[in-house]
Amino acid sequence: MANDTLPVGIIVEIDHPRTSFLGKITEVSATHVIDDVWYRVEPIPGEKDQQQGSKGWYHMKHVSEIDLLIES
């Protein structure tokens, strides 16, 4: 896998033509092409994956890491 592959467990933004939501990466899969990474993402509570039939898998071009700001 590529060195810039996002790790399992982080919160990401899915920006796909058919859906967009915040979710957590639960699995990472790379093909024989090193720059072709797929992520299985489960929506966080309050978010919804509107794409039917995706089974939660999204290509790396639709997955972005986000910065979470936590105020105390």
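Look above for the structure.
Please read all numbers here as calculations on a predicted model, not as lab measurements.

### What to know about the overall build of the protein chain
Counting secondary structure elements, the protein chain contains 0 helices and 5 strands. In the protein chain, the succession of helices and strands from N to C terminus is β-β-β-β-β. By residue count, 32% of the 72 residues in the protein chain fall in the buried class. On the protein chain, roughly 5,200 Å² of surface is accessible, and the fraction owed to carbon and sulfur atoms is 48%.

### Observations regarding the sheet that holds strand 2 (residues 19-30)
Remark on secondary structure: sheet strands pair via backbone hydrogen bonds, oriented parallel or antiparallel. Spatial strand order, 4-3-2-1-5: 5 strands in an open sheet with antiparallel pairing. Unpaired on one side and paired on the other, strand 4 (57-59) and strand 5 (63-65) mark the two borders of the sheet. For this sheet the average axis-to-axis angle between neighbouring strands, irrespective of direction, equals 50°.

### Things to note about the environment of T19
Structurally, the position occupied by T19 is in strand 2. For the pair T19 and Q51, spaced 32 residues apart in the sequence, the C-alpha separation amounts to 5.8 Å. From its side chain, T19 meets the backbone nitrogen of Q50 in a polar contact 3.0 Å long.

### Quick word on the pairing of strand 3 (residues 37-43)
For strand 2 and strand 3, the ladder comprises 7 bridges, and the chain directions are antiparallel. For V28, the partnering residue across the bridge sits in strand 3 and is Y39. Where strand 3 meets strand 4, 3 bridges bridge the pair, whose relative direction is antiparallel. Bridging across to strand 4, R40 finds its partner in W57.

### A few points about the nonpolar core
In globular proteins that are soluble, nonpolar side chains generally tend to be buried together. Membership of the largest hydrophobic core is limited to 12 residues, which are L6, I10, V12, I14, F21, I25, V28, V37, Y39, V41, Y58 and V63. Setting aside its immediate chain neighbours within four residues, L6 contacts V12, I25, V28, Y39, V63 and E65.

### Remarks on the packing of aromatic side chains
Here the structure, examined in full by the defined rule, presents 1 aromatic pair. A centroid spacing of 5.9 Å and a plane angle of 70° characterise the contact between F21 and Y58, whose relative ring orientation is edge-to-face. Note that F21 is positioned in strand 2 and Y58 in strand 4, a separation of 37 residues in sequence. Owing to a relative accessible area of 3%, F21 belongs among the buried residues under this scheme. Accessibility expressed as a relative area gives 1% for Y58, which makes it buried.

So, how was this worked out
- Residues numbered from 1 in each chain as written.
- Predicted model: local features only at pLDDT ≥ 70, side-chain atom pairs only at ≥ 80, totals over all residues.
- Heavy atoms only, no water.
- Helix = DSSP H or I, 4+ residues; strand = E, 2+ residues; numbered from the N terminus.
- Buried < 20%, exposed > 50% of the residue type's maximum accessible area, 1.4 Å probe, protein only.
- Areas by Shrake-Rupley, 256 points an atom, 1.4 Å probe, with all protein chains shown as cover.
- Pairing = 2+ DSSP bridges.
- Axes fitted to C-alpha atoms, helices over the stretch in contact; angles between N-to-C directions.
- Polar contact = N/O pair within 3.5 Å; in protein donor to acceptor, adjacent residues only side chain to side chain.
- Core = buried A, V, L, I, M, F, W, Y, C linked by side-chain atoms within 4.5 Å.
- Contact = heavy atoms within 4.5 Å.
- Phe/Tyr/Trp six-rings, centres within 6.5 Å; stacked < 30°, edge-to-face > 60°.

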